[in-house]
Amino acid sequence: MADMRVIRGALAEDEENTVVSVSRKGKYFDYSLLIILLVLIGLGLIVVYSSSYSVSVKKGDDAYTFINQVKYTIVGMFALAAATFIPLKFWRRFSLVILILSLISVALVRTSWGLNLNGAYRWFKIAGRGPSIQPAELVKIAIIIYMAVYISKYRKQMKGLKANLIYLLIAGFCAGVVLVITSNLSSALIILGISYIMLMISTEHIGKYSAVSIMIALLVAALLILFFVKFDSIKNSTISYRLDRLIAWVEPTYTRNNEQLGYQVLQSLYAIGSGGFFGKGLGQGSQRVFLPEAQSDMIFSIICEELGVFGGLCVIILYVLLIWRMVNIAINAPNLYSSLIVVGVIAHISLQVVLHIAVVTNLIPNTGITLPFISAGGSAAIMVLFEMGLVLNVSRLIQTRTRVPAESVERV
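Bear in mind the structure is a predicted one, so any value in this text is a computation, not a measurement.

Calculation criteria
Residues numbered from 1 in each chain as written. Predicted model: local features only at pLDDT ≥ 70, side-chain atom pairs only at ≥ 80, totals over all residues. Heavy atoms only, no water. Patch = residues over 30% accessible without salt bridge, like charges linked within 9 Å, V, L, I, M, F, W, Y side chains within 5 Å. Areas by Shrake-Rupley, 256 points an atom, 1.4 Å probe, with all protein chains shown as cover. Salt bridge = Lys/Arg side-chain N within 4 Å of Asp/Glu carboxyl O. Helix = DSSP H or I, 4+ residues; strand = E, 2+ residues; numbered from the N terminus. Core = buried A, V, L, I, M, F, W, Y, C linked by side-chain atoms within 4.5 Å. Buried < 20%, exposed > 50% of the residue type's maximum accessible area, 1.4 Å probe, protein only. Contact = heavy atoms within 4.5 Å. Axes fitted to C-alpha atoms, helices over the stretch in contact; angles between N-to-C directions. Parallel < 35°, antiparallel > 145°, perpendicular 65-115°, else oblique. Left-handed = near helix turned anticlockwise from the far one by under 90°. Nonpolar A, V, L, I, M, F, W, Y, C, P; charged D, E, K, R; others polar. Phe/Tyr/Trp six-rings, centres within 6.5 Å; stacked < 30°, edge-to-face > 60°. Expected span 1.5 Å × (residues − 1). Arc of directions from axis to C-beta.

(A) Layout of a nonpolar patch on the surface. On the surface, F90, F94, L96, V97, I100, L101 and I104 cluster together to form a nonpolar patch covering roughly 610 Å² of accessible area. Element by element, the count of residues in the nonpolar patch is highest for helix 6 (residues 95-107), at five residues. Its place among the elements puts F94 in the loop between helix 5 (88-93) and helix 6.

Here's what the structure looks like:
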């Protein structure tokens, strides 16, 4: 205790002889975050070119997917720039409108504009040859902005049950719309995850029950999975493709009607195992020919095959550094609204990275989740770069503080 008093006394004396100089808003910018982001994007383009080679050759151009991804990245960089410099109060003012429009866009997949790809309606096209849009990605951004506004607006009421229930109902409704209309379970779960993490971070009493509720939910899910996949009568039925994914997760080698249900995950594990520590080299991987969706949903396994475990760890470290910089921005944000926007983006990127790696290593059932900034894709790439623009926008609002001698200020 005596030591603490000495330290506090020294700090008090130091404060008497110094003043705090606060920079004007807009002067600070997190260049470290931008550099890490650019490294991830560059690595992503390289790996997309390598992993999509066999798919692109079938379209008549070995760089077909790569060129498309470059185009999406350029559009995404414009989206990042716009989100960086458009005032955050704009998004706050129109947060509800943005959320409603994003939900309406989800409904468009069931109109004449909707596209049926691989048996799923998850995209729509406005123009005949225009790019396809995946509206679930729009909902992810909209939920981040709207929930940040909701929590900051009803901060005092969030201590009560009513405001929390309304918050959870909004999150559940948005996730339900995405699930029912597009049958996109992974996006619905991510929307719920983003909302829950934002609530947990901003509300103290929620955090006390988070670990218990998560453990109970995981236990119930595990028991249900075991119940479904361990009964042969259910296992041999064709209830849904989701049940097939659960069976493939528990027994990847299980075969029904001469079809190996776990083919994709087995090929992914072969790719990871064959890469060794340093990999086979870029463009030298063989599993890109056999692995379905190697350039998107399974791209981390191609990274491990061609760059090895070392390359996979380097990618994970880059994500850790990216999230660390965003956490720093969230802590130093000027207000709760801007801080929660960054928390929402952290939640989104963290969930997708963890779930993607868990899928390719068969730690969880296959859910078709892309790896942010690296996987091939249009809407996902553009929207996640837009989110990073929002984070950089918040970083511009941070007021840097420096201590200077009081006498030097007086002389000035």
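We are not done yet, so read on.
(B) Structural context of the nonpolar core. Residues M198, L322, M326, I349, F373 and M388 are the most contacted members of the largest nonpolar core, which totals 91 residues. If we ignore the near neighbours within four places in the chain, the residues touching M198 are I144, M147, A148, I151, Y167, L340, V343 and G344. Among the nonpolar cores identified, the runner-up in size contains five residues, and L243, I247, Y254 and L261 belong to it.

(C) Here's a closer look at the packing of helix 13 (residues 263-275) against helix 15 (residues 299-332). Put simply, helix 13 and helix 15 touch, their axes get as near as 7 Å, and they point 20° apart. By the angle class used here, helix 13 and helix 15 are roughly parallel. The two elements helix 13 and helix 15 cross, and the hand of that crossing is left-handed. Touching S268, A271, I272, S274 and G275 of helix 13 are S301, C304, E305 and G308, all from helix 15. Taken together, the residues that form the contact of helix 13 with helix 15 break down as three nonpolar, five polar and one charged.

(D) Highlighting the environment of G172. Position of G172 relative to the elements: it lies in helix 8 (residues 161-182). You can call G172 partly exposed: its relative accessible area is 32%.

(E) Local environment of the environment of I143. Looking at the secondary structure, you find I143 in helix 7 (residues 135-153). Expressed as a C-alpha distance, the spacing of I143 and G344, which sit 201 residues apart in the sequence, is 8.6 Å. Leaving out residues up to four positions away in the same chain, I143 has contacts with L99, C174, I191, I194 and S195.

(F) Just the packing of aromatic side chains, in detail. The tally for this structure, following the rule as stated, stands at eleven aromatic pairs. With a centroid separation of 5.4 Å and an interplanar angle of 80°, the aromatic rings of Y49 and F66 are classed as edge-to-face. Taken together, the residues Y49 in helix 2 (residues 31-51) and F66 in helix 4 (residues 64-85) connect sequence positions 17 residues apart. Overall, Y49 belongs to the partly exposed group, its relative accessible area being 34%.

(G) Representation of the pattern of salt bridges within the structure. Under the counting rule described, the total for this entry stands at three salt bridges. One salt bridge connects D30 with R325, and the closest N-O pair in it is separated by 2.9 Å. Here the residue D30 occupies a position in the loop between strand 1 (18-22) and helix 2, and R325 occupies one in helix 15, the gap between them amounting to 295 residues. Each of the two residues, D30 as well as R325, counts as buried.

(H) Representation of helix 4. With 22 residues, helix 4 should reach 32 Å at 1.5 Å per residue; the first-to-last C-alpha distance of 33 Å fits that figure. Listed in full, the buried residues belonging to helix 4 are T65, Q69, T73, G76, A79, L80, A83 and T84. Down the axis, helix 4 shows its buried residues gathered within 130° of arc, on one side only. With respect to the buried face of helix 4, the exposed residues turned more than 90 degrees away are F78 and F85.

(I) Seen up close, unusual backbone geometry. The phi dihedral of S183 is positive, around 55°, even though this residue is not glycine. Mapped onto the elements, S183 comes out in the loop between helix 8 and helix 9 (185-202). Positioned with a positive phi, F373 is a non-glycine residue whose angle comes to about 75°. For F373, the position within the fold is in the loop between helix 16 (336-360) and helix 17 (379-396). Looking at F373, the relative accessible area reads 11%, which means it is buried.

(J) Representation of the side chain of S379 within the structure. For S379, the location among the structural elements is in helix 17. Judged by its relative accessible area of 11%, S379 falls in the buried class. When residues no more than four places from it in sequence are discounted, the contact partners of S379 are S132, I133, Q134 and E137.

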